[in-house]
Amino acid sequence: MALFSSLTPVFIAIICVLIGVILKKSNEEKEKHETKSKPLSRPWVDEDLKDGTEHHLEEEEADEEWQGLDENVAHVPFFAERYSEEEMIQRSQNFYELLNKRRSVRFLSDEPVPREVIDNVIRTAGTSPSGAHTEPWTFVVVQDPYLKHKIREIVEEEEEINYKKRMGDRWVNDLKRLRTNWIKEYLDTAPYLILIFKQVYGQLPNNKKKTHYYNEISVSIACGILLAALQNAGLYTVTSTPLNCGPQLRSLLQRPANEKLLLLLPVGYPKKDATVPLLTRKPLEDIMVVM
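First, a word on scope: everything that follows refers to the structure included in this document. Because the structure is a prediction, the values reported are computed rather than measured.

1. Observations concerning the environment of K209
Part 1: Along the chain, the position of K209 falls in strand β4 (residues 209–211).
Part 2: A relative accessible area of 19% means that K209 is categorised as buried.
Part 3: Separated by 49 residues in the primary sequence, K209 and N258 have C-alpha atoms spaced 9.5 Å apart.

Set out below in structure tokens:
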């Protein structure tokens, strides 16, 4: 009995140690699980900029049998222009040189731009490929001074918060060399603002939702074609993804709930005293791999 009494504190200590080890392991596993399940901090991805491809239609709203698409699309002969090798090389070189002059210009003139040019470049963007040919894009062209100024107020208010709180020191420091900030004068001065919305789903005549496959990448490709078309027309812009502004701008422009703002482009001519950062582009060997 005396031996048991003397050993009791030892047993208690061992049990306490074991309990401590078990609790520590349990906490470590919990923290590891939370770390894995916790999304990475990516302030540049807000609700509107998330890919809508994974948008799950509710079962009662989805129509597996009919998506409003023609069952039998007629196929017609395709006739393509064929250039000589010499002409192909020359055309590709010329197009590269044209696009290589493209710069992000933040100092835009209020000089008028023919509306027909804007119509044509958006028609060009509308030639973009899209998932199952759903064409999930809406291009909102704003030229009204009041609306442009309201857009500027919304964007600048959110951008100031982005720079001061959301973006973090590293991102802000990386932008210092480009001399950017939350002041967006070009939203007032540019003759046109083009706001590109992705339609995360469509609407069928029977009011059910229509799946828009790969809507994010489809609209992104259309934006790239739009940038090339603007450059080809002699117009300039700066690509702007107005973080956390989507819902307010969607409301201001009276866009439906299925549209999410992807990109905002101020479009016009550069001011006579416009400047751009002296940047270089990666050489071909750094961006292309030939297997």
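2. So, the side chain of E216
Part 1: Along the chain, E216 falls in helix α7 (residues 215–233).
Part 2: Look at E216 and you get buried, because its relative accessible area is 16%.
Part 3: At a separation of 2.5 Å, a polar atom in the side chain of E216 contacts the side chain of K198.

3. Some details on the nonpolar core
Part 1: One finds I118, F139, I194, I196, L226, L265 and V267 to be the most contacted residues of the largest nonpolar core, which totals 22 residues.
Part 2: Residue assignment for this core shows that the elements contributing at least two residues are α3 (115–125), β1 (137–142), β2 (192–199), α7 and β5 (259–267).
Part 3: If you tally residues by element for this core, the top one is α7, at 7 residues.
Part 4: Setting aside residues no more than four positions away along its own chain, I194 makes contact with I118, I122, F139, V140, V141, L226, L263, L264, L265 and V267.
Part 5: Core analysis: the next-biggest nonpolar cluster, separate from the first, contains 19 residues, V105, L108, I151 and L264 among them.

4. Here's the deal with the pattern of salt bridges
Part 1: With the rule as written, the count across this model stands at 7 salt bridges.
Part 2: The partner of K198 in a salt bridge is E216, with the nearest N and O atoms 2.5 Å apart. Here K198, found in strand β2, pairs with E216, found in helix α7; they are 18 residues apart in sequence, far enough to count as distant. Summarising the burial analysis for this pair, K198 and E216 share the class buried.
Part 3: For E259, the salt bridge is made with R255, and the minimal N-O distance between the two is 2.8 Å.

5. Observations regarding the packing of α3 against α7
Part 1: Across the interface, α3 lies against α7 with an axial gap of 8 Å and an inter-helix angle of 145°. Crossing geometry of α3 relative to α7 is assigned as right-handed. Residue-level contacts link V117, V121, I122, T124 and A125 of α3 to A222, I225, L226, A229, L230 and A233 of α7.
Part 2: Broken down by class, the residue content of the contact of α3 with α7 amounts to 10 nonpolar, 1 polar and no charged.

6. A look at the sheet that holds β2
Part 1: Sheet architecture is open: 3 strands sit in the order β1-β2-β5, paired in antiparallel fashion. Only two strands of the sheet have a single neighbouring strand rather than two, namely β1 and β5. Adjacent strand axes in the sheet meet at a mean angle of 20° when their direction is disregarded.

7. Brief notes about the environment of T134
Part 1: Structurally, T134 can be placed in the loop between α3 and β1.
Part 2: Overall, the relative accessible area of 8% leaves T134 in the buried class.
Part 3: Remark: the alpha-carbon pair of T134 and Y201, spanning 67 residues in sequence, is separated by 9.3 Å.

8. A few points about α3
Part 1: When α3 is considered as a whole, its buried residues turn out to be I118, V121, I122 and A125. Taken around the axis of α3, the buried residues stretch over an arc of 100°, which confines them to a single face. Pointing more than 90 degrees away from the buried face of α3 are the exposed residues E116 and R123.

9. Concerning the pairing of β1
Part 1: Counting buried positions along β1 yields 5 of 6 residues, so the element is predominantly enclosed.
Part 2: Two elements, β1 and β2, share 6 bridges in a ladder whose sense is antiparallel. Its bridge partner being in β2, V140 is matched across the sheet by L195.

10. As for unusual backbone geometry
Part 1: For A132, which is not glycine, the phi dihedral falls at a positive 55°.
Part 2: Topologically, A132 is positioned in the loop between α3 and β1.
Part 3: Overall, the relative accessible area of 45% leaves A132 in the partly exposed class.

Here is what the cut-offs are and how they apply
- Residues numbered from 1 in each chain as written.
- Predicted model: local features only at pLDDT ≥ 70, side-chain atom pairs only at ≥ 80, totals over all residues.
- Heavy atoms only, no water.
- Helix = DSSP H or I, 4+ residues; strand = E, 2+ residues; numbered from the N terminus.
- Buried < 20%, exposed > 50% of the residue type's maximum accessible area, 1.4 Å probe, protein only.
- Polar contact = N/O pair within 3.5 Å; in protein donor to acceptor, adjacent residues only side chain to side chain.
- Core = buried A, V, L, I, M, F, W, Y, C linked by side-chain atoms within 4.5 Å.
- Contact = heavy atoms within 4.5 Å.
- Salt bridge = Lys/Arg side-chain N within 4 Å of Asp/Glu carboxyl O.
- Axes fitted to C-alpha atoms, helices over the stretch in contact; angles between N-to-C directions.
- Left-handed = near helix turned anticlockwise from the far one by under 90°.
- Nonpolar A, V, L, I, M, F, W, Y, C, P; charged D, E, K, R; others polar.
- Pairing = 2+ DSSP bridges.
- Arc of directions from axis to C-beta.

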